[in-house]
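What follows is the residue order along each chain.
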Amino acid sequence: MRRSGSDWDLLPAAEQPNWRNHPHYERTQERLSAAAPLVTEPELTEVRGALAAVAEGSARVLQAGDCAESFGDATLSRTAAKVTVLNELGDLLAKKVSRPVVRFGRMAGQYAKPRSNAFEVVNGVEVPVFRGHLVNSFEPDHAGRQHDPRRMLWAYQASADVLGALRTHWESGRSGPWTSHEALVLDYERPLVRAGIDGDYLGSTHFPWVGERTRQLDHAHVRLLASVTNPVGCKVGPSTDPETAVRLCELLDPGRTPGRLTLIVRMGRAIETALPPVVRAVRRAGHPVVWLSDPMHGNTVRAETGQKTRYLADIINEATAFARILDAAGAHPGGLHLEVAAEDVTECVGGPVAGERQLTTRYESLCDPRLNPEQAFELIDTVF
Ligand code: PEP
Ligand code: CO
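Residues numbered from 1 in each chain as written. Chains lettered and ligands numbered in written order. Predicted model: local features only at pLDDT ≥ 70, side-chain atom pairs only at ≥ 80, totals over all residues. Heavy atoms only, no water.

In the annotation of an unreviewed UniProt entry, the chain is listed under the name Phospho-2-dehydro-3-deoxyheptonate aldolase and assigned to Amycolatopsis albispora. Turning to the chain, the UniProt record has this under Pathway (unreviewed entry): "Metabolic intermediate biosynthesis; chorismate biosynthesis; chorismate from D-erythrose 4-phosphate and phosphoenolpyruvate: step 1/7." Recorded under Catalytic activity (unreviewed entry), the UniProt text for the chain is reproduced unchanged: "D-erythrose 4-phosphate + phosphoenolpyruvate + H2O = 7-phospho-2-dehydro-3-deoxy-D-arabino-heptonate + phosphate". (UniProt positions renumbered as here; feature names shortened; annotations may be inferred.)

As structure tokens, then:
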């Protein structure tokens, strides 16, 4: 069901599933339109206030979780394990910077992935690539990799279950962790846009972000996030020039509201040359954004074992450069956006994972390689 004010829906959009002709497609749209929003406007007001404090320098952010959540993780115990790690890392960061830390899980909705290639070869067979549990199955066969719109309903239910588990933490008096995910699949996000008191809001999560592959200025994703009252994020990669960054700010933060927009910097080695002019231009244009470092996505390499991996040393270098560049520009380094597992996985090299040959010991990610808790502790302890 199309809502009023959704002009963005007529614009082109990259990375969308191919399922419009599926017999269940229309019904999924009706069901999602009739479903209760997962987040409330008072919660969004609280999160906006928390991010305003980060923009002004009196607090920091830690946003962390899986690259791709699994439907199988939508349980009380799995969620509790992730919240425990997020809070322990947040507590360490708070101690190191002597400021409160606002916590966001990449959780309760991080079920869809943009991908560089449409197909991959598994065991000698070419199959459509895995696009997250919201779109298809991880099982690498042709049937499992078909795009199935009913998965949007399962994603909604899994998100509701994870949020239910998170709410028990809020009720014990903690503020957050709040939820966040990449707002990628428009057939899922569109029916969850709801009319609120101050305007439309996205009912699928507290803090949606737009990814590096879908942040085109004249495409639907940026305009969707521009149209909602949630605080929003936007990834900023190595090819971002200062003019593009300022245009993104104009679209996503027209009112120049502290904390309304978070720029999530993921530049890899290019950060030294690419970030300073972007920071200068955004500051000159008067946008009080939150600057966040995602030191993961610009540092992905292919290991000799065949897996995707990341070196902790590269991640530490990027996060350190980020803090130095922001400080030098007179801006606040707002914190970190990480991919971290709750278990001792062996997906990134560094700390307890001595070399690439150890990656096969416990590699469980559905998508990108995550730090294990010990590696994430070392990162925060070294950078701040
Ligand atoms: C992600 O955060 O998992 C992701 C796909 O990042 P990016 O859009 O920055 O590549
Ligand atoms: Co990722």
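### Considerations on the UniProt feature "binding site: phosphoenolpyruvate" (unreviewed entry) in the chain
In the UniProt entry, the feature "binding site: phosphoenolpyruvate" (unreviewed entry) is given for Arg106, Glu212, Arg213, Lys235 and Arg266. If you trace the backbone, arginine 106 turns up in strand β2 (residues 101–106). For arginine 106, the contacting residues outside a window of four places in its chain are Ala64, Gly65, Asp66, Cys67, Glu69, Lys113, Ser180, Trp209, His297, His337, Leu338 and Glu339. With respect to the secondary-structure elements, arginine 266 resides in the loop between β10 (261–265) and α8 (271–284). Setting aside chain neighbours within four positions, we find arginine 266 in contact with Glu212, Lys235, Val236, Gly237, Pro238, Asp294, His297, Gly298 and Glu318. (Helix = DSSP H or I, 4+ residues; strand = E, 2+ residues; numbered from the N terminus. Contact = heavy atoms within 4.5 Å.)

### Quick look at the UniProt feature "binding site: Mn(2+)" (unreviewed entry) in the chain
UniProt records the feature "binding site: Mn(2+)" (unreviewed entry) for Cys67, His297, Glu339 and Asp368 in the present numbering. For the annotated residues, spread through 302 residues, the largest C-alpha to C-alpha distance comes to 10.0 Å, consistent with a single compact locus. With respect to the helices and strands, the residue cysteine 67 is situated in the loop between β1 (60–65) and α3 (76–97). Its relative accessible area of 0% is what places cysteine 67 among the buried residues. Residues in contact with cysteine 67, not counting those within four places in the same chain, are Arg106, Gln110, Lys113, His297, Glu339, Cys367, Asp368 and Arg370. Setting aside anything within four residues of it in sequence, one finds histidine 297 in contact with Cys67, Arg106, Lys235, Arg266, Arg310, Glu339 and Asp368. Separated by 2.8 Å, the side chains of histidine 297 and glutamate 339 make a polar contact. (Buried < 20%, exposed > 50% of the residue type's maximum accessible area, 1.4 Å probe, protein only. Polar contact = N/O pair within 3.5 Å; in protein donor to acceptor, adjacent residues only side chain to side chain.)

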